[in-house]
Amino acid sequence: MFDSLTDRFDGIFSRLRGRGRLTEADVDEALREIRLALLQADVNLRVVRDFVTRVREELVGLDLSQSLTPGQQVVKVVHDQLREILGGETLRITYASRPPTVVLLAGLQGGGKTTTAGKLAAWFRRSGRNPMLVGADLQRPAAVEQLRVLGAQAGVPVFSEPSDPVTVSKRGLEEAIRLGRDVLVIDTAGRLSIDAELMEEVRQISEATDPHYTFLVIDAMTGQDAVATAQAFHETLELDGVILTKVDGDARGGAALSVKEVVGRPIVFQSTGEKQEDFEQFHPDRMADRILGMGDVLSLIEKAESAVDAADAERTMALLQEGQFTLEDFLEQMQQVKKMGPLSGLVGMIPGLPKEVRNAEIDDRALGPIEAIIRSMTPDERRDPSIINGSRRLRIAKGSGTTTTEVNALLDRFKQMQAYLRQMTGMPGLGGRMVRASNKRNKKASKKARKRGR
C-alpha cells in the first residue's frame with residue numbers, strides 16, 4: 001500500500017531538495033503535485049483540500065528563503081500533516097477493571113472480518129492476555145467453523161451455538177466471565193452491502209454486550225467505498241476505531257488517508273499478510289515515515305524482537321564481528337527472518353533504500369532453493385565453504401535439485417553478505433538497538449516473574 005504515492009512524493013521532494021532556495025512559485029507547484037498525487041491515491045476530495053490548505057498555512061509561517069535546507073522544511077511539514085490525517089497518536093488499548101474487555105467487530109461480508117477476529121485474538125494472546133472468541137456470524141455457512149480453526153491456531157477457545165446472534169453474544173459473555181477470560185472478541189455477521197437488517201442485528205448485539213471497543217473491519221482495497229461504509233456504521237454503532245485488512249495488496253491508500261478525517265475515528269490495527277502474525281497496531285507517525293520513503297525502523301525492530309531470541313541475536317552479532325558467521329548460521333537466520341513476515345514488507349521498513357530496491361518484486365519462494373542448497377551441504381562445508389570444490393558443487397546441486405551455477409552464485413553472494421552484515425552491526429537502530437531492546441524486555445519479564453514468585 002502507498003507504493004505509488006511514495007514514488008510520487010519521492011519525485012516531488014527530490015526536486016525541492018535540489019534547489020538552494022525555494023520561491024513561492026516552487027511551493028505552489030509542489031503543492032499542486034501533492035494534491036494530484038493524493039487524488040490519484042483515491043483520497044477523499046475534502047481531505048485533500050484540507051490537507052493542502054494546512055500545509056500551505058504551515059509553510060507561510062516559515063521563511064523558506066532563509067532556511068539552509070528549505071526542501072527538508074517542506075518535507076517535515078508534509079510529514080506532520082500526514083501523521084495528523086492518519087490519526088495523530090497511536091490508540092492504546094485500555095483494559096476493563098472488571099474483565100472481560102469486550103471487543104465487537106463489525107463490517108461487510110468479504111472484508112476479512114472473521115480472519116481479523118482470529119488475528120486480533122492471537123494479538124491479545126501475544127500481549128499476555130487470556131482472550132476468548134465468540135462466533136456470532138450464524139448467517140454465512142461455515143463462518144463459525146472457520147473461526148474455530150483460527151482459534152485453534154491461536155490457542156484461543158471459541159464459543160458459539162445454533163441459536164441467534166444476540167443470544168450467542170450474551171451467552172459468550174457469560175461464558176467468558178465464568179472461565180475468567182479477560183478479553184472477549186465477538187465476530188458478527190456481515191452483508192454484501194449495508195442494509196437495515198444488518199444494522200439492527202449488530203446494534204442489538206452491541207446493546208446486549210455493552211462492548212468497551214467497537215471496531216469496524218474494512219478492506220483497504222476498496223478505497224472510498226470503505227470510507228462510506230465506515231460513515232454508515234459509525235452512525236449506528238458509534239465506532240471506536242477501524243481495522244484495515246489487505247494493506248499488503250495493491251491498494252492506493254485512499255481509505256487509510258481518509259477515514260480519520262471523514263469519520264473522526266482512528267485506524268487501530270492493520271492486517272499485513274495471510275498469517276496470524278501479520279497483524280499489528282497502526283502507528284500514524286510510522287506510516288507517515290513509510291509514505292515519505294523514510295522507512296520504519298521501530299516496526300522492523302519490534303518484528304525482529306518477536307521473532308529473534310535475544311541470546312541468539314547476541315551470538316550472531318558476535319560471530320559477525322569476529323568474522324566467523326557460517327552458512328549454518330545463515331540458515332538459522334533465514335528461518336528467523338521468515339518468521340518476521342513477507343520480505344517485501346520488511347524491505348519497505350528499511351530507511352534509505354533507493355526506489356528501485358524498494359519497489360523490486362521480492363518472492364519469498366526464492367528462499368526455497370537457497371535453503372535446499374545449504375541443507376545439501378555437509379556440516380564441514382557449511383562451516384568452511386572454501387573446501388567446496390568442483391565435485392562437491394556437483395553433488396550439492398544434485399542433492400538440492402539446483403544447478404552448479406546456482407550453487408556458485410549462492411557462495412559468491414554469501415561472501416559479499418558477510419562483509420555487508422559486518423557493516424550492518426555498526427548501524428544505530430538495527431543490530432545493537434535490537435539486542436539492547438530485547439535484553440531490556442527480558443530483564444523486565446524476569447523481574448515480573450520474581451515478583452510473582454514471592
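Refer to the structure presented above.
These remarks concern the structure in this document. (Residues numbered from 1 in each chain as written. Predicted model: local features only at pLDDT ≥ 70, side-chain atom pairs only at ≥ 80, totals over all residues. Heavy atoms only, no water.)

## A word on the overall build of the protein
At step 1: On a plain count of helices and strands, the protein comes out with 21 helices and eight strands.
At step 2: When the accessible surface of the protein is split by element, carbon and sulfur atoms take 49% of a total near 22,200 Å². (Helix = DSSP H or I, 4+ residues; strand = E, 2+ residues; numbered from the N terminus. Areas by Shrake-Rupley, 256 points an atom, 1.4 Å probe, with all protein chains shown as cover.)

## Some thoughts on the sheet that holds strand β3 (residues 158-159)
At step 1: The strand order across the open sheet formed by eight strands is β3-β2-β4-β1-β5-β6-β7-β8, and the pairing between neighbours is mixed. Each edge of the open sheet carries a strand with a single partner, namely β3 and β8 (279-281).
At step 2: Where strand β6 (residues 241-245) and strand β7 (residues 267-271) come together, three bridges link them in parallel fashion. Counterpart to Val242 in the pairing with β7 is Ile267.
At step 3: Taken strand by strand, helix α8 (residues 196-209) contacts β1 (101-106), β2 (131-136) and β4 (183-188), and its axis lies near 180° from that of β1. (Pairing = 2+ DSSP bridges. Contact = heavy atoms within 4.5 Å. Axes fitted to C-alpha atoms, helices over the stretch in contact; angles between N-to-C directions.)

## Some words on unusual backbone geometry
At step 1: That bond from Pro99 to Pro100 is cis: its omega, 5°, falls within 30 degrees of zero.
At step 2: Among the structural elements, Pro100 can be located in the loop between α4 (70-85) and β1.

## With respect to the pattern of salt bridges
At step 1: In total, this model carries 19 salt bridges according to the counting rule given.
At step 2: One salt bridge connects Arg178 with Glu175, and the closest N-O pair in it is separated by 2.7 Å. Separated by three residues within a single helix, Arg178 and Glu175 lie in helix α7 (residues 165-179), roughly one turn from each other.
At step 3: Where Glu381 meets Arg392, a salt bridge forms, and the shortest distance between an N and an O atom there is 2.8 Å. One end of the pair, Glu381, is in helix α18 (residues 379-383); the other, Arg392, is in helix α19 (residues 390-400), and 11 residues separate them in sequence.
At step 4: Overall, the relative accessible area of 29% leaves Arg392 in the partly exposed class.
At step 5: Among the charged side chains, a salt-bridge network with shared partners connects Lys76, Asp80, Arg83 and Glu84. (Salt bridge = Lys/Arg side-chain N within 4 Å of Asp/Glu carboxyl O. Buried < 20%, exposed > 50% of the residue type's maximum accessible area, 1.4 Å probe, protein only.)

## Focus on the nonpolar core
At step 1: Phe9, Phe13, Leu82 and Leu257 are the most contacted members of the largest nonpolar core, which totals 70 residues.
At step 2: Grouped together as the second largest cluster of nonpolar side chains are 24 residues, Leu105, Leu133, Leu147 and Phe279 included. (Core = buried A, V, L, I, M, F, W, Y, C linked by side-chain atoms within 4.5 Å.)

## A word on the packing of helix α9 (residues 224-237) against helix α10 (residues 254-263)
Relative orientation and spacing of two packed helices are given, respectively, by the angle between their axes and the distance between those axes.
At step 1: In the contact formed by α9 and α10, the axes pass within 8 Å of each other and the chain directions differ by 30°. By the criterion of interaxial angle, the relationship of α9 to α10 is roughly parallel. With respect to the hand of their crossing, α9 and α10 are arranged in right-handed fashion. Residues Gln224, Ala226, Val227, Ala230, Gln231 and His234 of α9 lie in contact with α10, whose contacting residues are Gly254, Ala255, Ser258, Val259, Val262 and Val263.
At step 2: In the contact of α9 with α10, the residues fall into seven nonpolar, five polar and no charged. (Parallel < 35°, antiparallel > 145°, perpendicular 65-115°, else oblique. Left-handed = near helix turned anticlockwise from the far one by under 90°. Nonpolar A, V, L, I, M, F, W, Y, C, P; charged D, E, K, R; others polar.)

## Things to note about α9
At step 1: In a regular helix each residue adds 1.5 Å, so 14 residues correspond to 20 Å; α9 covers 20 Å between its end C-alpha atoms and thus fits that length.
At step 2: All of the buried residues in α9 are Ala226, Val227, Thr229, Ala230, Phe233, His234 and Leu237. Buried positions in α9, seen along its axis, are confined to an arc of 160° and lie on one side of it. Projecting away from the buried face of α9 at angles above 90 degrees are the exposed residues Asp225 and Glu235.
At step 3: Of the residues trailing α9, Glu238 is marked for its positive phi of about 55°. (Expected span 1.5 Å × (residues − 1). Arc of directions from axis to C-beta.)

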